[in-house]
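Residue-level structural notes
Okay, here's what each chain looks like letter by letter:
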Amino acid sequence: MVYSQQNFSGVSLPILKLVNTYPNNPNRNLMFGGIRDRLFRFQKHSRSTRNEFFGTHPSLPEDILDPPHAGRTSARQTESSTDPPVQSKSSQPAVLKPSKTAQQDSSTLDKSLDHSQLHKEHSIHHPTPPRSFFSSSSLAVHPNVETAHSSSEEDLRMPNIKVFSGSSHPDLSTRICERLQLEVSKASLKKFSNKETNVEIGESVRGEDVYIIQSAAGEINDNLMELLIMINACKIASSCRVAAVIPAFPYARQDKKDKSRAPISAKLVANMLSVAGADHIITMDLHASQIQGFFDIPVDNLYAEPAILKYIKESIPNWQTSVIVSPDAGGAKRVTSIADRLNVDFALIHKERKRANEVEKMTLVGSVEGKVAILVDDMADTCGTICMAADKLVEAGAEKVYAFCVHGIFSGPALTRLNASKFEAVVVTNTIPQDENMKKCPKIQCIDISMILAEAIRRTHNGESVSYLFSHVPIC
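Just so it is clear, the structure is predicted and the values come from calculations on it, not from any experiment. (Residues numbered from 1 in each chain as written. Predicted model: local features only at pLDDT ≥ 70, side-chain atom pairs only at ≥ 80, totals over all residues. Heavy atoms only, no water.)

Moving on: the packing of helix 9 (residues 305-315) against helix 10 (residues 332-342). Running from amino to carboxyl end, helix 9 crosses helix 10 at an angle of 50°, the nearest separation of the two axes being 11 Å. Overall, the two elements helix 9 and helix 10 adopt an arrangement that is oblique. Crossing of helix 9 over helix 10 shows right-handed handedness. Judged by residue contacts, Glu 305, Leu 309, Ile 312 and Lys 313 of helix 9 engage Ser 337, Ile 338, Arg 341 and Leu 342 from helix 10. (Axes fitted to C-alpha atoms, helices over the stretch in contact; angles between N-to-C directions. Helix = DSSP H or I, 4+ residues; strand = E, 2+ residues; numbered from the N terminus. Parallel < 35°, antiparallel > 145°, perpendicular 65-115°, else oblique. Left-handed = near helix turned anticlockwise from the far one by under 90°. Contact = heavy atoms within 4.5 Å.)

Structural data, given as structure tokens:
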């Protein structure tokens, strides 16, 4: 038998060299027989695993299971244990010719193996990588895969991934899975009669990358607890990795101790997610980017800015002469970034609060006279701030006023205030469900950001960089 570098992995080749170093040792079989048996069992297991996987895809060519090596005849009967096959110089492997004693031991071992299963029509070659090696950017194991039908390629596009949806925003989860060409994984989310949350994962997640989509919408505390239970359920079910996709991060505004005995609730949420078993967090437009430092696990803080820029250029007339306005000093960095990319001016409104959600007075820093004013903020809750800012901008001479907010919470009297405001439109993203709000307030318009989250999931699963998404909207 001929042992080539193509037959076994880089670990087994030195072992075979070691075996042939002692051809006349009477204890040779006792020394190395077990190692050699393990090598053949490993080769047989890898071949059967690959055949089982590709056997479910009848559209693939038959020779994909055993593609012939260059220069090697496909007939098994032309090969023998003493006469190695003739190969071209370009494809000549490293060949070890065992001694006569080694050949006798090898022939005995060959008889004990079922060659019809190990070889079929060809000799042993390097095993195919496991399924986890497949990715959207590298689908083919062998060149012959390119001849397969497109439907089979779609089946191989993203293996080893499960996407679950929490009860906070099922519409967004469905949109994300449609862009990933996946089905939303099965999970039963219920409440017991005493209002405790009950989660049952409806399919196996063993060895899978799990992504759980849950936003800070509706009953935030219940939804947060539901997310924690889902993470823990998948983790103890032997999933490979568990990533929490949180478009709107809960308790993000409680990120610092701004007065005596105030809790830092965002840090507490970060600890809870980590203890539950989350390995990765994907979120969007954190209220304070420093929240990423509350975690000891990777956090990808995505931005809706590229989608907002695209919407401004496509939907707002005369945007070239507009002014980007921040309703508070905390959003100055966000506003200047957008103004620089649009090459327009920016302004700032300084506000003084009496208490939470109540603003005492505002001061405009900058000029908006005769221009279109575009207010940009990370979230709109009761909308008291942006409505007062709109009145201030109209008093300062702005022709039209638009508002862009990433997270449209719209709690309390928000919708009533917006209907009575001087906004032309209030544009938000769908990190939080907006269907009911849009029915009650016709000024609300929604930007779909599912393509950004879907691309982030795809890139994370395939081990690719997500920094491209910080400045571009993916084309889906």
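There's more to say after this.
Core analysis: the biggest nonpolar cluster contains 47 residues, and Ile 324, Phe 404 and Leu 453 have the highest contact counts within it. Ranked by residues supplied to this core, first place goes to helix 14 (residues 450-461) with 6 residues. Counting contributing residues, this core receives three or more from each of domain 1 (161-302) and domain 2 (304-447). The contacts of Leu 453, once residues within four sequence positions are left out, are Leu 172, Ile 176, Val 245, Pro 247, Ile 282, Met 284 and Leu 302. With 30 residues, the next largest nonpolar core counts Phe 164, Leu 227, Ile 231 and Ala 288 among its residues. (Core = buried A, V, L, I, M, F, W, Y, C linked by side-chain atoms within 4.5 Å. Buried < 20%, exposed > 50% of the residue type's maximum accessible area, 1.4 Å probe, protein only. Domains from an automatic or database assignment.)

A low pLDDT means the predicted coordinates there should not be read in detail. Per-residue pLDDT for the protein chain averages 78, and the proportion of residues at 70 or more is 65%. In the model, residues 1-14 has pLDDT below 50 throughout and makes 38 contacts with residues more than four positions away in sequence or in other chains. Residue range residues 62-156 is modelled with pLDDT below 50. Its contacts to residues more than four positions away, or to other chains, number 146 contacts. (pLDDT = per-residue confidence, 0-100.)

It is worth spelling out the pattern of salt bridges at this point. For the coordinates displayed, the defined rule picks out 15 salt bridges. The shortest N-O distance in the salt bridge between Arg 241 and Asp 209 comes to 2.7 Å. Of this pair, Arg 241 sits in strand 7 (residues 241-246) while Asp 209 sits in strand 6 (residues 209-213), placing them 32 residues apart in sequence. Residue Arg 458 pairs with Glu 455 through a salt bridge whose shortest N-O separation is 2.9 Å. With Arg 458 and Glu 455 both in helix 14 and 3 residues apart, this pair spans about one turn of that helix. Assigned by exposure class, Arg 458 and Glu 455 land together as buried. (Salt bridge = Lys/Arg side-chain N within 4 Å of Asp/Glu carboxyl O.)

Listed in full, the buried residues belonging to helix 10 are Arg 334, Val 335, Ile 338, Ala 339 and Leu 342. What you see down the axis of helix 10 is that its buried residues fit within an arc of 130°, all on one side. Exposed side of helix 10, more than 90 degrees from the buried face: Lys 333 and Asp 340 are the residues found there. In the stretch just after helix 10, Asn 343 is the one whose phi turns positive, near 60°. (Arc of directions from axis to C-beta.)

Attention now moves to helix 8 (residues 265-276). Counted at 1.5 Å a residue, the expected span for helix 8 with its 12 residues is 16 Å, and the 16 Å between its end C-alpha atoms agrees. Along helix 8, the positions that sit buried rather than exposed are Ser 265, Ala 266, Val 269, Ala 270, Leu 273 and Ala 276. Buried positions in helix 8, seen along its axis, are confined to an arc of 150° and lie on one side of it. For helix 8, the exposed residues set more than 90 degrees away from the buried face come down to Leu 268 and Val 275. (Expected span 1.5 Å × (residues − 1).)

The next thing to look at is the sheet that holds strand 9 (residues 299-302). The strand order across the open sheet formed by 5 strands is 3-6-7-8-9, and the pairing between neighbours is parallel. Only two strands of the sheet have a single neighbouring strand rather than two, namely strand 3 (161-165) and strand 9. Within the sheet, the average angular offset between the axes of one strand and its neighbour, ignoring direction, is 15°. Taken together, the 4 bridges between strand 7 and strand 8 (residues 280-284) define a ladder with parallel strand orientation. Residue pairing for strand 8: Val 245 is matched across the bridge by Ile 282. Strands in contact with helix 6 (residues 170-180) are strand 3 and strand 6; relative to strand 3, the strand with the most contacts, it is inclined by about 160°. Relative to the sheet, helix 14 contacts strand 3, strand 6, strand 7, strand 8 and strand 9, its axis offset from that of strand 8 by approximately 160°. (Pairing = 2+ DSSP bridges.)

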